[in-house]
Amino acid sequence: MSAPLTSRFPYAKGSDGSRRLGYGADYNPEQWSREVWADDVRLMREAGVNVVSLAIFSWARIQPTAGTWDFGWLDEVMDLLHAGGIGVDLATATASPPPWLTAAHPEILPVTASGQTLWPGARQHWRPTSPVFREHALTLVRKIASRYADHPALVAWHVNNELGCHNVYDYSDDAARAFRSWLRRRYTTLDALNNAWGTAFWSQHYSDWEQLLPPRLAASHPNPTQQLDFKRFSSNALKDHLLAEREILRELTPHTPITTNFMVMPGTKGMDYTNWADEVDFVANDHYVTPGPQDRDELSFSANLTSGIAGHRPWFLMEHSTSAVNWQPVNPPKKPGELARDALLHVAHGADAVCFFQWRQSAAGAEKYHSAMVPHAGADSELFRSVTELGRTLDALAPIAGSEREGARVAILFDWDSWWASEQDSHPTSRLDYHREALDWYSALHRLGHRADVVPAHHSDLSAYDVVIAPVLHVVPPPLAKELTRYVEGGGHLVTTYFSAIVDENDHVWLGGYPGALRDILGIRIEEFGPLLDGDTVDLDNGTTGSLWTDRITVTGTDVEVLAGYRTGTYASRPAVTRRGTCRGSATYVSTRLGVDGLSVLLPQLLAPAGVVSELPHDAHGSVEHAVRRDAEHRYLFLINRSDEQVALPGLTGDVLVGPRPEGDGLVLAPRQAAVLRQSRQSAP
Ligand code: GLA
Ligand code: GLA
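Residues numbered from 1 in each chain as written. Chains lettered and ligands numbered in written order. Predicted model: local features only at pLDDT ≥ 70, side-chain atom pairs only at ≥ 80, totals over all residues. Heavy atoms only, no water.

Digging into the nonpolar core
Most often, soluble globular proteins keep nonpolar side chains buried together rather than apart. Here is the rule we go by: The term nonpolar core refers to a set of buried residues drawn from Ala, Val, Leu, Ile, Met, Phe, Trp, Tyr and Cys, joined through side-chain atoms within 4.5 Å. Only protein chains enter the area calculation, which uses a 1.4 Å probe; residues under 20% of their type maximum are buried, those over 50% are exposed, and those in between are partly exposed. Under the scheme used here, helices are H or I runs from DSSP no shorter than 4 residues and strands are E runs no shorter than 2 residues, and both carry numbers assigned from the N terminus. By definition in these notes, contact holds between two residues if any of their heavy atoms fall within 4.5 Å.
Core analysis: the largest hydrophobic core is formed by 185 residues, its most contacted members being Leu54, Leu81, Leu90 and Trp359. Considering each element in turn, this core owes the most residues, 8 residues, to helix 5 (residues 131-148). Contact partners of Leu90, with chain neighbours within four places excluded, come to Leu54, Ala55, Met78, Ile144, Tyr148, Leu154, Ala156, Trp157 and His158. The next biggest cluster of nonpolar side chains, apart from the first, holds 15 residues, and it includes Trp182, Leu183, Trp197 and Phe230.

Shown next, in the form of structure tokens:
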């Protein structure tokens, strides 16, 4: 993305030409008759919808056989939407290949690690590296792009859909060929590859590129660097598909911005979006809540990380749900107020468009029990009334369109290489959950009333933060080690944890004692890991409890303070949490999994030296999430009650864009209610 913050974002415009936040859904008119289409547009207007994503799964309808094309229905829908003042984020329709294509070319079907074919009958049954699929897909993209390039409804291009949702890992012969080419580009020589992969181990030395394979089902643990490289390659293969479609769109419709919907969520770790974001004109994300004790922390974490990936430019929430999904084991509906509250959490973190999957709930097909904006019950429903209400709320938020997210003083680093590598097999424990550890830190900060930015570990400006938390930053190549060291020496406060800074980019261990890449700056040395068995815990002398992991730490620096020691367990009386103070900064190491409770006890000690204090009244800690957006003149304070209780916020003032009017000297938020206050930047901090 090029410099201007919002230049390529497809803003809707109000009648006075001013920017509006986007509001809408995936729209699948091919599932309905013509009469329903007219009703759809009428109801969309009633709900305040101004953008829809169209034709995502329309390939079979647009190209019913190899040699026939049918655009008549799509022309009609595009015209109807335009007449209704609704913009179209038009999909390239390549997400789900039609039966005629897979029947004629079964060689496009993905293959699992154990050699099973993934057959048609669902969706996304295509190999990212299949030249045959690519050719057919690009023909379709060219047809659609030429037909609609100048259609007045077109506001953006939607490449494919959720690339990698079901097909990120393909072990076919096409994948093997493409993996070899990728490896040749990465390593140039076989010697370099053999070194990087450590092939002296288990007689794996390669003497010809043709011998290289994806990590297919093997007799024992496949080579770890081969596995890690295959993950990098697979993410990249999908990105290549994005680029191939994008090039055609850029050629034929250079003025229309292009995106694809990311899935920044714990269950979709296959795509390293940090190196995809620069390839789209604006970042789009999909998010679904997985019910559980940290569900809204996870929503907030995802929105926050999406903003980090987008370089804190406004991004587009392409999908979330109005209520229940259909793909978890049990799919409860959202509670009253959650529809708007969840949407506004995304907006608080920089989303300038709020869209749902999908507009009208399907009557047939695998997603017929997935909620939508118009439910099975029809427009005369609580759900549709909530949808219409949210439309009005987003309209009231028009002044924030294009504003930037105000950075926090604390950052949590997130790194796909570390996510992938730390959870690979044949490790000290198979129980490590990279995302969960990062989320626990985020939850603990929220519980203490602090906001934090979640940012990619590489290429983020660490100097913007007083405290940088790097949970399980497992993969630390030399440049990152230098950057983190420089950050601490420059006065920053770095916090890292167990199993961090253990390997380089090739998954080779930094020798001489753990955590090799940061041993000096931390002033500690670890000779052996002490992972804990399931159910085992250790007590620390600050009253917290550790699980999952312990380390046998020796303090080596003279300026290292032990913030907490082990009271029980194999390492009883040894250090558990250490901090090395430099002249201005510090480097803290946390050797066990403390969970949200333990981190909430520890964090005040880590934040105090940096002078980080909560901006929220104490009673709101843990229930109200706050986030700030701002433009040249204003600061927009988002206050979102994540709890099921009423919360009072004394001392907060400003113009109310959304939410209750201040009473006396502050605001009272009802359960699950959100408020947005506009403050002048002259009078605000
Ligand atoms: C994904 C897909 C949609 C739909 C939703 C359901 O986000 O992109 O097509 O399947 O999941 O939650
Ligand atoms: C077996 C094998 C060794 C090694 C060990 C590890 O004994 O023979 O090569 O893999 O297991 O426990």
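Overview of the site of ligand 1
The cut-off we apply is this: Whether a residue is near a molecule or strand depends on its heavy atoms: it is near if one of them lies within 4 Å of it. Side-chain atoms alone can form a polar contact between residues adjacent in sequence; in general such a contact is a pair of N or O atoms within 3.5 Å, and within protein one must be able to donate a hydrogen while the other accepts it. To measure how exposed things are, a 1.4 Å probe is used in the Shrake-Rupley method; for residues, cover is taken only from the protein chains shown. Under the scheme applied here, ten amino acids are nonpolar (Ala, Val, Leu, Ile, Met, Phe, Trp, Tyr, Cys and Pro), four are charged (Asp, Glu, Lys and Arg), and all others, including Gly, are polar.
The local shell around ligand 1 consists of Phe57, Arg123, Asn161, Glu162, Asp286, Tyr288, Glu319, Trp327, Phe357, Glu367 and His370. Within the contact set of ligand 1, an oxygen atom lies 2.3 Å away from a side-chain nitrogen or oxygen of Glu367. Between His370 and ligand 1, the recorded distance is 2.7 Å, taken from a side-chain N or O atom to an oxygen atom. Contact with the protein chains removes 96% of the 300 Å² of surface that ligand 1 exposes when unbound. For the shell around ligand 1, the residue count by class is 4 nonpolar, 2 polar and 5 charged.

So, unusual backbone geometry
Cis geometry marks the peptide bond from Phe357 to Gln358, where omega comes out at -10 degrees. Residue position: Gln358 is located in the loop between strand 11 (351-356) and helix 11 (382-396). Cis geometry marks the peptide bond from Tyr514 to Pro515, where omega comes out at -15 degrees. Within the secondary structure, Pro515 sits in the loop between strand 16 (493-497) and helix 15 (519-522). Look at Asn160: it is not a glycine, yet its phi comes out positive at around 50 degrees. One non-glycine residue, Ser203, lies in positive phi territory at about 55 degrees. Relative to the helices and strands, Ser203 is located in the loop between helix 7 (190-197) and helix 8 (224-252). Given a relative accessible area of 71%, Ser203 falls into the exposed group.

Notes on the packing of aromatic side chains
Note the cut-off: A pair of aromatic rings is counted whenever rings of Phe, Tyr or Trp (Trp by its six-membered ring) have centres within 6.5 Å, and the orientation is called stacked for planes under 30 degrees apart, edge-to-face for over 60 and tilted otherwise. The rule is short: NZ of Lys or CZ of Arg within 6 Å of the ring centre and within 35 degrees of the ring normal puts a charge over the ring.
Enumeration according to the criterion identifies 37 aromatic pairs in this entry. Across the ring face of Trp73, the terminal group of Arg61 is positioned such that the distance to the ring centre comes to 4.9 Å. The aromatic ring of Trp32 is capped on one face by Arg360, whose charged end is 5.6 Å from the ring centroid.

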